[in-house]
Amino acid sequence: MLRRLVLVAAIGIVGCSPTAPPQTPEPLPSAAMAETFSHCTWGEVRGAEASIWSYTCPNDRLVYDNTVPGFVREIVASEGGGRAPVIRLFDIGDGAALETILLAVRAASPAEGIESCGFAPAPNHAGWFVLQPSGALLDAYNQFLRGAAESPSMPCGPLGPSEAGERVFFRLPGAANKVAFVELGSEIQPFDVSTLRASIQ
């Protein structure tokens, strides 16, 4: 009897298979993105430090560029084509305050009076921040917005506010030592910023 019980137990152990880890479903684009980029292919774009889901079109695609570092949008056209960084990654100390990367951000966003620009919470989105002017530079920018002055249109350089769309900073999900800057633009983008993550090595 004992031998039979041991045999049955052994058969049960051999017959067991390890449970596979649950598969994370692929993120789906919004209906607006799917309509706008209906002639393009949806997929993950992966780089050395981050990945994001985006549409790849015949003449418009997102690629990772180690020299930025971050993602660059490449557009091929008879006129007006080119490459432009849309997502930049900045190094930050583990647990350090966002202000510790201000010098690096200002260096990447040259403008007259850039030393007056600092971080402020982005409206309507917890955990996101914007680079904005202060003091006399803010006064001058407000005059520009009211149409009372011809400049400055981009008081904090290319990473700060402008009439061409929103630009934001946030800690890169999955990486304690990275901050992402994202150029959201004024029109619908081919990438989904909510899918931006640190690459899994």
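In case you missed it, the structure is sitting above this.
Please read all numbers here as calculations on a predicted model, not as lab measurements.

## Here's the deal with the overall build of the protein
Now for step 1: Secondary structure summary: the protein contains four helices and ten strands in total.
Now for step 2: Listing the helices and strands of the protein from first to last along the sequence gives α-α-β-β-β-β-β-α-β-β-α-β-β-β.
Now for step 3: The buried share among the 201 residues of the protein stands at 39%.
Now for step 4: By sequence separation, contacts in the protein at least 24 residues apart represent 42% of the contacts at least 6 residues apart.

## Observations concerning the pattern of salt bridges
Now for step 1: Tallied over the full model, the rule gives eight salt bridges.
Now for step 2: The salt bridge involving D60 is made with R73; its shortest N-O contact spans 2.6 Å. Highlighted residues: D60 in strand β3 (residues 60–65) and R73 in strand β4 (residues 70–75), separated in sequence by 13 residues.
Now for step 3: With relative accessibility at 12%, the residue D60 sits in the buried group.
Now for step 4: Judged by relative accessible area, R73 falls into the buried class, the value being 17%.
Now for step 5: Among the charged side chains, a network of salt bridges with common partners joins R61, D65, E74 and R83.

## Quick word on the packing of aromatic side chains
Now for step 1: All told, the structure shown has nine aromatic pairs when counted by the stated rule.
Now for step 2: Their ring planes at 70° and their centres at 5.1 Å tell us that F119 and F169 sit as a pair that is edge-to-face. Here the residue F119 occupies a position in strand β6 (residues 118–121), and F169 occupies one in strand β8 (residues 166–171), the gap between them amounting to 50 residues.
Now for step 3: Using a relative accessible area of 0% as the deciding quantity, one classes F169 as buried.
Now for step 4: Their ring planes at 15° and their centres at 6.3 Å tell us that Y141 and F144 sit as a pair that is stacked. One end of the pair, Y141, and the other, F144, are both in helix α4 (residues 135–145), three residues apart, so they sit about a helical turn from each other.
Now for step 5: What makes Y141 buried here is its relative accessible area of 7%.
Now for step 6: Of the residues examined, F144 reaches a relative accessible area of 14% and is grouped as buried.

## Considering the nonpolar core
Now for step 1: Counting 24 residues, the largest nonpolar core has I52, F71, I87, F170, L172, V182 and L196 as its most contacted members.
Now for step 2: The set of elements that each furnish at least two residues to this core consists of β2 (50–56), β3, β5 (82–91), β8, β9 (178–185) and β10 (191–198).
Now for step 3: Here the element with the most residues in this core is β10; it accounts for four residues.
Now for step 4: With sequence-adjacent residues up to four places away left out, F71 is seen in contact with V45, A50, S51, I52, L62, V63, Y64, A84, P85, V86, I87 and L196.

## A short note on unusual backbone geometry
Glycine aside, negative phi is the norm for most residues, and most peptide bonds take the trans geometry.
Now for step 1: Here the bond from V68 into P69 is cis, since omega is -15°, no more than 30 degrees from zero.
Now for step 2: Along the chain, the position of P69 falls in the loop between β3 and β4.
Now for step 3: Following S151, the chain continues into P152 via a peptide bond in cis, with omega recorded as 5°.
Now for step 4: With respect to the secondary-structure elements, P152 resides in the loop between α4 and β8.
Now for step 5: A positive phi is found at N124, a non-glycine position, where the angle reads about 70°.
Now for step 6: Inspection of the secondary structure assignment puts N124 in the loop between β6 and β7 (129–132).

## What about the sheet that holds strand β1 (residues 41–46)?
Now for step 1: Spatially, the three strands line up as an open sheet ordered β1-β2-β10, and their pairing is antiparallel. Each edge of the open sheet carries a strand with a single partner, namely β1 and β10. Across the sheet, the axes of successive neighbouring strands diverge by a mean angle of 25°, strand direction being ignored.
Now for step 2: Sheet topology places β2 next to β10; four bridges connect them, and they run antiparallel. Directly across from A50, in β10, lies its bridge partner A198.

Basis of the calculations
Residues numbered from 1 in each chain as written. Predicted model: local features only at pLDDT ≥ 70, side-chain atom pairs only at ≥ 80, totals over all residues. Heavy atoms only, no water. Helix = DSSP H or I, 4+ residues; strand = E, 2+ residues; numbered from the N terminus. Buried < 20%, exposed > 50% of the residue type's maximum accessible area, 1.4 Å probe, protein only. Contact = heavy atoms within 4.5 Å. Salt bridge = Lys/Arg side-chain N within 4 Å of Asp/Glu carboxyl O. Phe/Tyr/Trp six-rings, centres within 6.5 Å; stacked < 30°, edge-to-face > 60°. Core = buried A, V, L, I, M, F, W, Y, C linked by side-chain atoms within 4.5 Å. Pairing = 2+ DSSP bridges. Axes fitted to C-alpha atoms, helices over the stretch in contact; angles between N-to-C directions.

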